[in-house]
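Tertiary structure, described
What follows is the residue order along each chain.
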Amino acid sequence: MKASHTLVSLLGIGFVLMSGSAFAAVHVDRSAFGVLPDGRPVEKYTLHNSNGMRVGIITYGGIVQSIEVPDARGVVDDVVLGFDDIQEYLDNGNVYFGAIIGRFGNRIKQGRFELEGKAYQVPVNNGPNSLHGGPEGFNTKLWQAKPIEGKDWKGVSLNYVSVDGEMGFPGTLTTTVRYTLNEQNELQIEYTAHTDKPTVVNLTNHSYFNLAGAGNGTIKDQKITIHASHVTPVDAELIPTGTLAPVADTPMDFLHPTAIGKYLGSKSEQLMFAEPKAGGFDFNWVFDRSGQLDAVAVTAFDPASGRRLEMYTTEPGVQFYTGNFLDGSIKGKQGKVYPHWGAFTLEAQHFPDAPNQPSFPSTRLNPGETYKQTTIYKFSTLKG
Ligand code: BGC
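What you are looking at is a predicted structure, and each value in this text was computed from that prediction instead of being measured.

One finds Ile67, Trp285 and Phe344 to be the most contacted residues of the largest nonpolar core, which totals 62 residues. Looking at which domains feed residues into this core, each of domain 1 (16-197) and domain 2 (208-363) supplies at least three. Core analysis: the next-biggest nonpolar cluster, separate from the first, contains 21 residues, Ile63, Leu81, Val95 and Ala343 among them.

Dropping the structure here:
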């Protein structure tokens, strides 16, 4: 009698402790995800929470390989584009599905910039320009991983040391990217980096979202709100002109919830630069408020499934890109075909070509300083 009474009390205390903290609710599994051609094994870390959300991260490219989330009726689907097999990531590197982008997200004009009076030339891999850190950017690296946990979250920490001169950039850059999940369905990505010489850094993540589920049609009916009154307009090679242009009365006005398809295919000059012939989105929006993780920066919503994605970020801008080059030729996870405009990216970032644009927020990192960016992708549901 006494013993069972004690047991009941202990269970009671245990229940209070567990309900007071979500500590035990998120967990992390580790599994094999194939082998690189040089024999190095790739691992997958899967973060689960008790709401049925699961996020798969692979150590190659720090790639977000899957994000499974329930819809408004509780039906779980995977809302990011990707592959089941490491070889498919190697064969389709130029789409950057889910990858960490570094050392420099988006374009650097002709791969050239100057630092302290010294000219640097980094490899060009996008017409005459450098894109996403060059042909062997961070998306192609094997990252050192370890599980991490805090009071109400768990995750994986990835580390990569890029040696002085790698892909043409000065300084040895030591980078850590922490992916964590909590019970609020927030996938947080926190990037830190240090250098031993002045350099430029612009890190981001290149996940392609389709809130109806990857491979379930286009994103045209999904609505997006971007809290940005300006964009950085571009030339025909998608290099910023250096000015900020108001979005008012243009197809880039997403200040209020707007179906992505409303202006996709519009023949405005900017959309035709981004996607000749069809007219797509591939621009940097400049947030009205920047550097604040407590204010929502972007909201995307799929009326059919009720899935909502909110992005919070410390970054001043976001590259909103609509998968313009997807043409149905890529088969992704479970053999699903990814159609034209079958996903969108929300790449939180400093502005493209910032090293050559003195009026843009600086991307310079000096020895002794810490580069830091944090972005949260939060999932929830709403009725349509
Ligand atoms: C760029 C696009 C590019 C795509 C590659 C985006 O961040 O802005 O121009 O085609 O990445 O996947």
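Quick look at empty space enclosed by the protein now. Taken as a whole and assessed by the stated rule, the structure comprises three cavities of 30 Å³ or more. What the largest cavity holds in volume is close to 80 Å³. Lining the largest cavity, in full, are Tyr60, Ile63, Phe83, Tyr89, Asn92, Gly93, Val95, Tyr96, Phe97, Ala99, Asn139 and Thr140. In this structure, the second largest cavity is lined by Asn106, Arg107, Thr232, Val234, Leu238, Pro240, Asp282, Phe283, Asn284, Gln319 and Pro352. Counting residues per element, the lining of the second largest cavity draws most heavily on strand β22 (residues 282-286), at three residues. Of the residues that constitute the lining of the second largest cavity, the class distribution is five nonpolar, four polar and two charged.

What follows covers the site of the ligand. In the neighbourhood of the ligand, 13 residues make up the surrounding shell, with Arg107, His132, His206, Asp282 and Glu347 lying closest. With respect to the ligand, the backbone of valine 95 contributes an N or O atom lying 3.5 Å from an oxygen atom. Tyrosine 208 is positioned with one of its side-chain polar atoms (N or O) 3.0 Å from an oxygen atom of the ligand. In the complex, 92% of the free accessible area of the ligand, which totals 310 Å², lies under the protein chains. Mapping the ligand onto the cavity grids shows that it belongs to the largest pocket. When its residues are assigned to classes, the shell around the ligand shows five nonpolar, five polar and three charged. Both domains that meet at the shell around the ligand, namely domain 1 (16-197) and domain 2 (208-363), each give it at least three residues.

Taking strand neighbours across the sheet as the criterion, the six strands line up as β17-β26-β25-β22-β19-β20 in an open arrangement whose pairing is antiparallel. Taken across any chain shown, the strands that pair with only one partner, and hence form the sheet edges, are β17 (208-209) and β20 (245-246). Pairing between strand β19 (residues 230-231) and β20: two bridges, direction antiparallel. Bridging across to β20, valine 231 finds its partner in alanine 245.

Applying the stated criterion across every chain yields a total of nine salt bridges. A salt bridge links arginine 364 to glutamate 116; the nearest nitrogen and oxygen atoms lie 3.0 Å apart. Of this pair, arginine 364 sits in strand β27 (residues 364-365) while glutamate 116 is found in the loop between β8 (112-115) and β9 (118-121), placing the two residues 248 residues apart along the sequence. One salt bridge in this structure joins glutamate 190 and arginine 178, with 3.7 Å as the shortest N-O distance. Placement of the pair is glutamate 190 in strand β14 (residues 186-195) and arginine 178 in strand β13 (residues 173-182), with a sequence separation of twelve residues.

Spatial strand order, β1-β2-β3-β4-β5: five strands in an open sheet with antiparallel pairing. Edge positions in the sheet fall to β1 (27-35) and β5 (76-78), since each has one partner strand and no second. Sheet twist, expressed as the average angle between the axes of neighbouring strands with direction ignored, equals 15 degrees. One ladder, built from three bridges, connects strand β4 (residues 64-70) with β5; its direction is antiparallel. Within β5, the residue paired with valine 69 across the bridge is aspartate 77.

With that out of the way, let us pick up the layout of surface pockets. Its volume calculated, the largest pocket comes out at about 650 Å³. What lines the largest pocket is a set of 32 residues, and nearest its centre among them are Asn94, Val95, Tyr96, Asn126 and Leu131. When residues of the lining of the largest pocket are traced back to their parent elements, those giving at least two are α2 (86-91), α3 (269-274) and β25 (317-321). Per-class residue counts for the lining of the largest pocket are 14 nonpolar, twelve polar and six charged. Composition of the lining of the largest pocket by domain shows at least three residues from each of domain 1 (16-197) and domain 2 (208-363). Taken as a whole, the second largest pocket holds about 200 Å³ of empty space. Around the second largest pocket sit 13 residues that line it, and Glu68, Asp78, Asp84, Lys333 and Gln334 are the ones nearest its centre. Tallying contributions element by element places β4 first for the lining of the second largest pocket, with three residues. Partitioned by chemical class, the residues of the lining of the second largest pocket number three nonpolar, three polar and seven charged.

Segmenting the protein into domains produces domain 1 (16-197) and domain 2 (208-363). Using only C-alpha atoms to locate each centre, domain 1 and domain 2 end up separated by 20 Å. Taken residue by residue, the interface counts 33 residues in domain 1 and 36 residues in domain 2. With both chains or domains summed, domain 1 and domain 2 bury close to 2600 Å², and 56% of this area falls on carbon and sulfur atoms. Considering only the surface of domain 1 that becomes buried against domain 2, Val79, Leu81 and Arg107 emerge as the three largest contributors, covering 24% of it. Scanning the region where domain 1 abuts domain 2 turns up one salt bridge. Between aspartate 78 and lysine 333 there is a salt bridge, and its shortest N-O distance comes to 2.8 Å. Counting across the domain 1 and domain 2 interface gives 19 residue pairs in polar contact (both at pLDDT 80 or more). Ranked by residue count, the leading element in the side of domain 1 that touches domain 2 is β4, at five residues.

About the thresholds
Residues numbered from 1 in each chain as written. Predicted model: local features only at pLDDT ≥ 70, side-chain atom pairs only at ≥ 80, totals over all residues. Heavy atoms only, no water. Core = buried A, V, L, I, M, F, W, Y, C linked by side-chain atoms within 4.5 Å. Buried < 20%, exposed > 50% of the residue type's maximum accessible area, 1.4 Å probe, protein only. Domains from an automatic or database assignment. 1 Å grid on protein atoms, 1.4 Å probe; cavity = no way out; pocket = protein on both sides within 12 Å on 5 of 7 lines; lining within 4 Å. Points joined across faces, edges and corners; volume = space filled by probe spheres on them. Helix = DSSP H or I, 4+ residues; strand = E, 2+ residues; numbered from the N terminus. Nonpolar A, V, L, I, M, F, W, Y, C, P; charged D, E, K, R; others polar. Near = heavy atom within 4 Å. Polar contact = N/O pair within 3.5 Å; in protein donor to acceptor, adjacent residues only side chain to side chain. Areas by Shrake-Rupley, 256 points an atom, 1.4 Å probe, with all protein chains shown as cover. Sits in = over half its atoms within 2 Å of the grid points. Pairing = 2+ DSSP bridges. Salt bridge = Lys/Arg side-chain N within 4 Å of Asp/Glu carboxyl O. Axes fitted to C-alpha atoms, helices over the stretch in contact; angles between N-to-C directions. Contact = heavy atoms within 4.5 Å. Buried area = accessible area lost by both parts, 1.4 Å probe.

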